[in-house]
Amino acid sequence: MNLSPEFARRIRPSVSAELAEARWQGQRGNADLSAHHLERAHILGQASTVEHVRVHAAMLGWALRQRAAGELLGQAWRLAGAALKTWLWVPVGNTGRTDVSGFRPMPVPPDLRRLIDAARHPGRH
């Protein structure tokens, strides 16, 4: 968890890049690749309430387009949780999809770890 508005400002371009790639892949009919980039966006943005909510809103839209009822319901709950609980605790590395417990910490891919660390500690990387 990182309550710093500076962290949110610094991580936003990375989250936006993953969301843009998710949209691009979705427009081309690559649902699995689109979901993969949404998961990466979630890992990057989950420590910022604004970014966390933004990613879950995108995941909700993805579930709607896929007509995935279970994912849609799960994302509705997670969107509310992101809005209300990000300041309290988030499971680091969690991909944000409903096929994984919302409470399960997961490994952070090394490339995303570098982006998160750079956003948390600018000038050290």
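One structure accompanies this document, and this report is about it. Along each chain, residues carry numbers from 1 onward, in the same order as the chain's sequence is written. In view of the model being predicted, local features appear only for residues whose pLDDT reaches at least 70, and side-chain atom pairs are presented and counted only at 80 or more, with totals across whole chains, interfaces and linings using the full set of residues. Each side-chain value is worked out from all heavy atoms of the structure, with water and hydrogens disregarded.

Considerations on the overall build of the protein
Counting its regular elements, the protein contains five helices and zero strands. Only runs of H or I of at least four residues qualify as helices and only runs of E of at least two qualify as strands under DSSP, and these elements are numbered from the N terminus. Each helix (α) and strand (β) of the protein, taken in turn from the N terminus, gives the series α-α-α-α-α. Values of the radius of gyration come from C-alpha atoms, whereas the globule rule sets the reference at 2.2 Å times the count of residues to the power 0.38. Taken over the C-alpha trace, the protein has a radius of gyration of 14 Å; the compact-globule value for 125 residues is 14 Å, and the two agree within 12%. Its C-alpha atoms put the protein at 45 × 30 × 25 Å along the principal axes. Partly exposed residues are those whose accessible area sits between 20% and 50% of the maximum for their type, while under 20% is buried and over 50% is exposed, using a 1.4 Å probe and protein chains only. Put simply, the protein has 125 residues, and 42% of those count as buried. In this analysis, two residues are considered to be in contact whenever any of their non-hydrogen atoms come within 4.5 Å of each other. When contacts within the protein are restricted to residue pairs at least 6 apart in sequence, those whose partners lie at least 24 apart make up 57%. When charges are tallied, Lys and Arg are placed among the positive residues and Asp and Glu among the negative ones, while His and the ends of the chain are skipped. Every charge is mapped onto a representative atom, which is NZ of Lys, CZ of Arg, CG of Asp or CD of Glu. One finds the centroid of the 17 positive side-chain charges in the protein at a distance of 4 Å from the centroid of its 10 negative side-chain charges.

Things to note about unusual backbone geometry
Not every positive phi belongs to a glycine, and Arg67 is a case in point at roughly 55°. Counting through the fold element by element, Arg67 comes out in the loop between α3 (49-66) and α4 (69-85).

A short note on the packing of aromatic side chains
Between rings of Phe, Tyr and Trp, where Trp is taken as its six-membered ring, a pair exists when centres lie within 6.5 Å; planes separated by under 30 degrees are stacked, by over 60 edge-to-face, and by other angles tilted. A full pass over the atoms with the stated rule returns one aromatic pair. With a centroid separation of 6.4 Å and an interplanar angle of 15°, the aromatic rings of Trp89 and Phe103 are classed as stacked. With Trp89 in the loop between α4 and α5 (110-120) and Phe103 in the loop between α4 and α5, this residue pair connects regions lying 14 residues apart in the sequence. By relative accessible area, Trp89 is classed as partly exposed at 44%. Either the NZ atom of lysine or the CZ atom of arginine qualifies as a charge over a ring when it sits within 6 Å of the ring centre and within 35 degrees of the ring normal. Residue placement shows Arg120 over the ring face of Phe7; its charged tip is 5.3 Å from the ring centre.

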